[in-house]
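Descriptive analysis of the structure
Below are the chains, spelled out letter by letter.
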Amino acid sequence: MSKEMDMELDFDKLEQVSGGGQLQDLINRIVNSGKAPEYKRILKTQGKAAAAAACCADNGDLCGYCAAAVTMLK
Amino acid sequence: MSSVLERLAADYPQLYLNPDTDSQEAYRRVVLRGEEPEAKSLAHYRGDPADREEIADTPAGQVRVVTLGNRQDFELALRSLMAAKDGPEAVIPESQGAAMLTVFNWPRIHAHLALYPEEERAAEFKRFTAVRENYVDMLVLLSRGPYSHVDAATMGETEEEWLGHSDAIRRFHELTHVICRRQYPGDVAPIRDELVADAVGLYAAYGCFDPETEKLFLGIRDGRYVGGRLGNYTDRPEELTGAVCAALERIRATVEKQAGTEPFRLIPALMKDADMGETKTQTRRNTP
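Residues numbered from 1 in each chain as written. Chains lettered and ligands numbered in written order. Predicted model: local features only at pLDDT ≥ 70, side-chain atom pairs only at ≥ 80, totals over all residues. Heavy atoms only, no water.

For chain A, the helix and strand inventory stands at 4 helices and 1 strand. Taking all 74 residues of chain A together, the buried fraction comes to 51%. Taking contacts inside chain A between residues at least 6 apart in sequence as the whole, the part at least 24 apart equals 58%. For chain A, the exposed area adds up to about 3,400 Å²; of that, 50% sits on carbon and sulfur atoms. (Helix = DSSP H or I, 4+ residues; strand = E, 2+ residues; numbered from the N terminus. Buried < 20%, exposed > 50% of the residue type's maximum accessible area, 1.4 Å probe, protein only. Contact = heavy atoms within 4.5 Å. Areas by Shrake-Rupley, 256 points an atom, 1.4 Å probe, with all protein chains shown as cover.)

Written out as structure tokens, the structure is:
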């Protein structure tokens, strides 16, 4: 029924908000999304706060870990 | 199969899928579009006598808490619950013993839409799902085992004693995160939040807070970071060890002053004690 009516939920609302793996989850997600070079470039040219903000804009559910994650990207 | 898993799968049918064999697309059909899985089997789970479920009452409302006694079941369930977004192959770290997560409740959506004529359901779907509380559940999923991988001998307890205390710490720790997310929406500081959650957990389990126990959990020995959970929350655990230890002493003083208080009531004071001036980045939306 839902398929015929084209009813679909937004997976952005699915969040794992604690558990201890969030920092590594976020790093994995950044790498898999291909955004790591962009964040590293912002980190180098504009600093940690700007890089963290860019990360937060894309990964709001893990936002608290962005500041750490962007400095740990290889 | 444990009735706990059966009840959980009835509300969240993605649990019938197997993250080792089913694709992310299969998960997305179930989770995002509400389609029924082709087969409703829970054969990939082992079930355990320790599986249990409760509705916990907290200062921030009721929370569904599920404990799965078998570690593999915990990992399979968590992978399935997050597979639509993260993919079914996401690895659950060995260090992760619990999770607080949001899940869509499609049975509630279907039941609501069934009250409407078919031609009105698409519009009603949009209206009903515009309100997050109508269809998004908060679920706490717990495993069992020594908390923070600290063994019973190090704690000076028997295996059974430490397992019981670990269960209590873990439960109160996760519920503290739920409460903080609801009562301090958008305010996330990873180390502060973990110190507060551990403090509530330890106080609930033991009736007191010992900074030395918390240092064991975090991986701090003789004032130095030697590897442990603290590294999960920051890129500079060595630099922050001193600040963490100072925060733990403030927490100890607060808990001593408020001995006898119900554990969750300590949270506001602990949020101040554990504030180490971390870069607090506001999340974009409330996380219930």
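Another point: the pattern of salt bridges. In the structure shown here, the tally under the stated rule is 26 salt bridges over all chains. In this structure, Glu8 of chain A engages Arg33 of chain B in a salt bridge whose closest nitrogen and oxygen atoms are separated by 3.1 Å. One end of the pair, Glu8 of chain A, is in the segment before strand 1 (16-18); the other, Arg33 of chain B, is in the loop between helix 2 (24-31) and strand 1 (52-58), on a second chain. A relative accessible area of 43% means that Glu8 of chain A is categorised as partly exposed. Here Glu35 of chain B and Arg33 of chain B are joined by a salt bridge, their closest N and O atoms 4.0 Å apart. Residues joined by salt bridges that share partners form a network here, namely Glu8 of chain A together with Glu25, Arg29, Arg33 and Glu35 of chain B. (Salt bridge = Lys/Arg side-chain N within 4 Å of Asp/Glu carboxyl O.)

Right, let's talk about the domain arrangement of chain B for a bit. Put simply, an interface is often sized by how much accessible area is lost when its parts join up. All names here are of chain B. By domain assignment, chain B separates into domain 1 (1-144) and domain 2 (149-288). Computed from C-alpha coordinates alone, the two centres of domain 1 and domain 2 are separated by 28 Å. Facing 23 residues of domain 1, the contacting portion of domain 2 comprises 19 residues. Between domain 1 and domain 2 lies a buried interface of about 1,800 Å² when both sides are counted; carbon and sulfur atoms form 63% of it. (Domains from an automatic or database assignment. Buried area = accessible area lost by both parts, 1.4 Å probe.)

The subject of this paragraph is the interface of chain B and chain A. In this assembly, 51 residues from chain B lie in contact with 33 residues from chain A. Where chain B touches chain A, the interface holds 3 residue pairs in polar contact (both at pLDDT 80 or more). Contributing elements (two or more residues each) for the side of chain B that touches chain A: helix 2, helix 3 (71-86), strand 3 (98-104), helix 4 (106-113), helix 5 (121-128), helix 7 (159-183) and helix 8 (190-206) of chain B. Counting residues per element, the side of chain B that touches chain A draws most heavily on strand 3 of chain B, at 7 residues. When grouped by side-chain class, the residues that make up the side of chain B that touches chain A number 21 nonpolar, 15 polar and 15 charged. (Polar contact = N/O pair within 3.5 Å; in protein donor to acceptor, adjacent residues only side chain to side chain. Nonpolar A, V, L, I, M, F, W, Y, C, P; charged D, E, K, R; others polar.)

All names here are of chain B. Scanning the model with the defined rule gives 5 aromatic pairs over all chains in all. Here the aromatic rings of Trp106 and Phe125 are separated by 5.9 Å at their centres, their planes lie at 10°, and the arrangement is stacked. In this pair, Trp106 is assigned in helix 4 and Phe125 in helix 5, connecting sequence segments 19 residues apart. Accessibility classification places Trp106 together with Phe125 in one group, the buried group. Residues Tyr147 and Phe217 carry aromatic rings whose centres are separated by 4.9 Å and whose planes lie at 70° to one another, so their mutual orientation is edge-to-face. Note that Tyr147 is positioned in the loop between strand 4 (136-142) and helix 6 (152-155) and Phe217 in helix 9 (residues 211-218), a separation of 70 residues in sequence. A relative accessible area of 2% places Phe217 in the buried class. (Phe/Tyr/Trp six-rings, centres within 6.5 Å; stacked < 30°, edge-to-face > 60°.)

Residue and element names in this part refer to chain B. When the pLDDT values of chain B are averaged, the result is 92; 96% of them are 70 or greater. The low-confidence segment residues 281-288 (pLDDT under 50) makes 27 contacts with residues lying over four places distant or belonging to another chain. This prediction of the complex comes with two scores: 0.85 for pTM and 0.72 for ipTM. (pLDDT = per-residue confidence, 0-100.)

Here we come to the layout of surface pockets. All names here are of chain B. Of the volumes computed, that of the second largest pocket is approximately 290 Å³. Sort the elements by how many residues they give to the lining of the second largest pocket and helix 7 lands first, with 3 residues. Residues belonging to the lining of the second largest pocket are distributed by class as follows: 4 nonpolar, 11 polar and 7 charged. When residues are assigned to domains, the lining of the second largest pocket turns out to be shared by domain 1 (1-144) and domain 2 (149-288), each giving three or more. (1 Å grid on protein atoms, 1.4 Å probe; cavity = no way out; pocket = protein on both sides within 12 Å on 5 of 7 lines; lining within 4 Å. Points joined across faces, edges and corners; volume = space filled by probe spheres on them.)

Moving on, we come to the nonpolar core. All names here are of chain B. Counting 70 residues, the largest nonpolar core has Leu195, Val244 and Ile251 as its most contacted members. Among the elements that make up this core, the one with the highest residue count is helix 8 (8 residues). Looking at which domains feed residues into this core, each of domain 1 (1-144) and domain 2 (149-288) supplies at least three. If we skip the residues at most four places from it in the chain, Leu195 touches Glu214, Leu218, Val244, Ala247, Leu248, Ile251, Ala274 and Met276. Membership of the second largest hydrophobic core comes to 23 residues, among which are Val4, Tyr12, Tyr16 and Val103. (Core = buried A, V, L, I, M, F, W, Y, C linked by side-chain atoms within 4.5 Å.)

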